[in-house]
Amino acid sequence: MSNKATLNTLLQLKAQNEKFSCLTAYDACFSHFISEAGVEVMLVGDSLGMVLQGRDSTLPVSIDDMVYHTQSVARGNQHSLIMADMPFMTYATPEQALQNSAKLMQAGAELVKLEGGEWLNESVKRLSDCGIPSCVHLGLTPQSVHKFGGYKVQGRTPEAAEQLLREALAAQDAGAAMLVLECVPNAVGKAVTEKADIPVIGIGAGPDTDGQVLVLHDMLGLSPGKPAKFVKNFLSENGGSIQAAISAYHHAVKNSYFPGKEHGFS
Ligand code: KIV
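Reading the values: rules and limits
Per chain, residue numbering runs from 1 following the sequence as it is written. Note on the predicted model: pLDDT of at least 70 is required for a residue's local features to be given, and 80 or more for side-chain atom pairs to be given and counted; whole-chain, interface and lining totals, by contrast, use all residues. Note that the side-chain values use all heavy atoms of the structure and ignore hydrogens as well as water. Any residue with an atom within 4 Å of a point lines the site, the site being either a cavity, points on a 1 Å grid over the protein atoms alone where a 1.4 Å probe fits but cannot get out, or a pocket, an open set with protein on both sides within 12 Å along at least 5 of 7 lines. Grid points are joined across faces, edges and corners, and a volume is the space filled by probe spheres set on the points. A run of H or I in DSSP becomes a helix once it reaches four residues, and a run of E becomes a strand once it reaches two; helices and strands are each numbered from the N terminus. Three classes are used, and their members are as follows: Ala, Val, Leu, Ile, Met, Phe, Trp, Tyr, Cys and Pro are nonpolar, Asp, Glu, Lys and Arg are charged, and the others, Gly among them, are polar. Note on pairing: DSSP must find at least two bridges between two strands before they are called paired. A fitted line through C-alpha atoms represents every axis, and for helices the fit uses only the stretch in contact; the resulting angles, taken between N-to-C directions, go from 0 to 180 degrees. For salt bridges, the criterion is a side-chain nitrogen of Lys or Arg within 4 Å of an Asp or Glu carboxyl oxygen. With a 1.4 Å probe rolled over the protein chains alone, any residue whose accessible area is under 20% of its type maximum counts as buried; one over 50% counts as exposed, and the rest are partly exposed. What sets the label is the angle itself: under 35 degrees gives roughly parallel, over 145 gives roughly antiparallel, 65 to 115 gives roughly perpendicular, and the rest give oblique. What makes a crossing left-handed is the near helix being turned counterclockwise from the far one by less than a right angle; a clockwise turn instead makes it right-handed. Any two residues whose heavy atoms approach within 4.5 Å are treated as being in contact. Think of it this way: one heavy atom of a residue within 4 Å of a molecule or strand is enough to make that residue near it. A 3.5 Å cut-off defines polar contacts: any pair of N or O atoms within that distance qualifies, except that in protein one atom must be a possible hydrogen donor and the other a possible acceptor, and neighbouring residues in sequence count only when both atoms are side-chain atoms. Residue-level accessible areas treat just the shown protein chains as cover; the underlying method is Shrake-Rupley with a 1.4 Å probe. Assignment of a molecule to a cavity or pocket requires that more than half of its atoms lie within 2 Å of the corresponding grid points. Pairing of aromatic side chains here covers Phe, Tyr and the six-membered ring of Trp, requires ring centres within 6.5 Å, and sorts the geometry by plane angle: under 30 degrees stacked, over 60 edge-to-face, intermediate tilted.

(A) Representation of the layout of surface pockets within the structure. What the largest pocket holds in volume is close to 960 Å³. In this structure, the largest pocket is lined by 42 residues; those nearest its centre are Met50, Glu182, Val215, Asp218 and Phe230. Those elements giving two or more residues to the lining of the largest pocket turn out to be α3 (48–51), β4 (111–115), β6 (178–182), β8 (211–214) and α10 (216–219). Across the lining of the largest pocket, the residue classes break down as 20 nonpolar, eleven polar and eleven charged. Taken together, 26 residues line the second largest pocket, and the ones lying closest to its centre are Gly116, Thr141, Ser144, Lys147 and Phe148.

Quick look at the structure:
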């Protein structure tokens, strides 16, 4: 693969009804493997708090942690679009969002991801006005785990599903370049993807979103504990080769073999 993925690549894939894949990456070594496999988007996720730092939530992750890992991922990358997470309490106001997203962009991110609903729209617009593309993460937003009382599927009632759709379209109108939908019923994933003009990436949001994302260590079977319903272990199926597992994941997403029925919520 010689091309470098951009937001335009994703818009073009959406227009052609073609899927794209996304994986989390936290260092230069895995960034190289993921990029070489053709995975269109790499997410420097604040999941690194749990995966790398051994914490029990993403809340303690700092902007300096994110800058360090974004710089590492950028050094290993050749072909993927790099998205970096804004950590907890680094975007509570539009000005704070601007200052902190600038740090991630200067570290090598090409867009930043923020978790939340309509309260974010002013910040999304401010970033967009300043040339910083953003992705709005809706549904199960892990930084709000204590508000939800656990990692629970969101958008299950008709009212909650309607609200999610409203928030998605309002984020788009505010200038968001992409959406992530986490742990919502398949029907909600489908409705948001059909109504939105911008690319929608799902994790536990069913097979109909434009793209899919998994946490790298989850799809390699390296995360402790029982895997979430939406996770599939690609390493065990691919002879223990990390490169083969990443390629198999990319291929499965592109060809709609993953996620299967068993990975979604009804
Ligand atoms: O931090 C992360 O890895 C994420 C994904 C779960 C979407 O936000």
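(B) Spotlight on the sheet that holds β6. Read around the closed barrel, the eight strands follow the order β1-β2-β3-β4-β5-β6-β7-β8; overall the barrel is parallel. Put simply, the sheet's adjacent strands are angled 25° from each other on average, direction ignored.

(C) Seen up close, the pattern of salt bridges. Counting across every chain of the model gives eight salt bridges. Where Glu110 meets Lys4, a salt bridge forms, and the shortest distance between an N and an O atom there is 2.9 Å. Here Lys4 lies in the segment before α1 (7–15) and Glu110 lies in the loop between α5 (94–107) and β4, a separation of 106 residues in the sequence. Classification of Glu110 as partly exposed rests on a relative accessible area of 26%.

(D) Fine view of the packing of helix α6 (residues 121–129) against helix α8 (residues 158–174). Interaxial distance between α6 and α8 falls to 8 Å at its minimum, and their mutual angle equals 30°. Judged by the inter-axis angle, α6 sits roughly parallel to α8. For the pair α6 and α8, the sense of crossing is right-handed. Each of Asn121, Val124 and Lys125 in α6 lies in contact with α8, whose residues at this interface are Ala170, Ala171 and Ala174. Of the residues assigned to the contact of α6 with α8, the class counts are four nonpolar, one polar and one charged.

(E) Representation of the site of the ligand in the model. Around the ligand, the structure places Thr24, Leu43, Gly45, Asp46, Ser47, Asp85, Lys113, His137, Glu182, Ile203, Val213 and Val215. Between the ligand and the protein, one listed contact pairs an oxygen atom with a side-chain N or O atom of Asp85 at 3.0 Å. Within the side chain of Lys113, an N or O atom sits 2.8 Å from an oxygen atom of the ligand. Here the ligand has 260 Å² of accessible area as a free molecule, and 95% of this is covered by the chains. Because more than half of its atoms lie within 2 Å of the grid, the ligand is assigned to the largest pocket.

(F) Examining the packing of aromatic side chains more closely. All chains considered together, the criterion is met by five aromatic pairs. Here the aromatic rings of Phe234 and Tyr249 are separated by 5.5 Å at their centres, their planes lie at 80°, and the arrangement is edge-to-face. Residue Phe234 is found in the loop between α10 and α11 (242–254), and its partner Tyr249 is found in helix α11; the two are separated by 15 residues along the sequence. For Phe234, a relative accessible area of 2% gives the class buried. Through pairs of rings, three or more aromatic residues link up here, namely Phe234, Tyr249 and Phe258.

(G) Seen up close, the side chain of Gln154. Along the chain, Gln154 falls in the loop between α7 (145–148) and α8. Relative accessible area serves as the criterion here: at 18%, Gln154 is assigned to the buried category. Polar contacts involving the side chain of Gln154 include one to the main-chain carbonyl oxygen of Lys152, which spans 2.9 Å. Leave out the neighbours within four places in its chain, and Gln154 touches Gly139, Leu140, Phe148, Leu164, Cys183, Val184 and Pro185.

(H) Quick look at unusual backbone geometry. Of the consecutive residues Phe258 and Pro259, the connecting peptide bond is found in the cis state with omega at 0°. With respect to the secondary-structure elements, Pro259 resides in the segment after α11. Positive phi is not limited to glycine here, since Asn17 has a value of about 60°. Here Asn17 lies in the loop between α1 and β1 (20–24). Look at Cys183: it is not a glycine, yet its phi comes out positive at around 50°. By the secondary structure assignment, Cys183 is in the loop between β6 and α9 (186–195). Here Cys183 falls in the buried class, since its relative accessible area comes to 5%.

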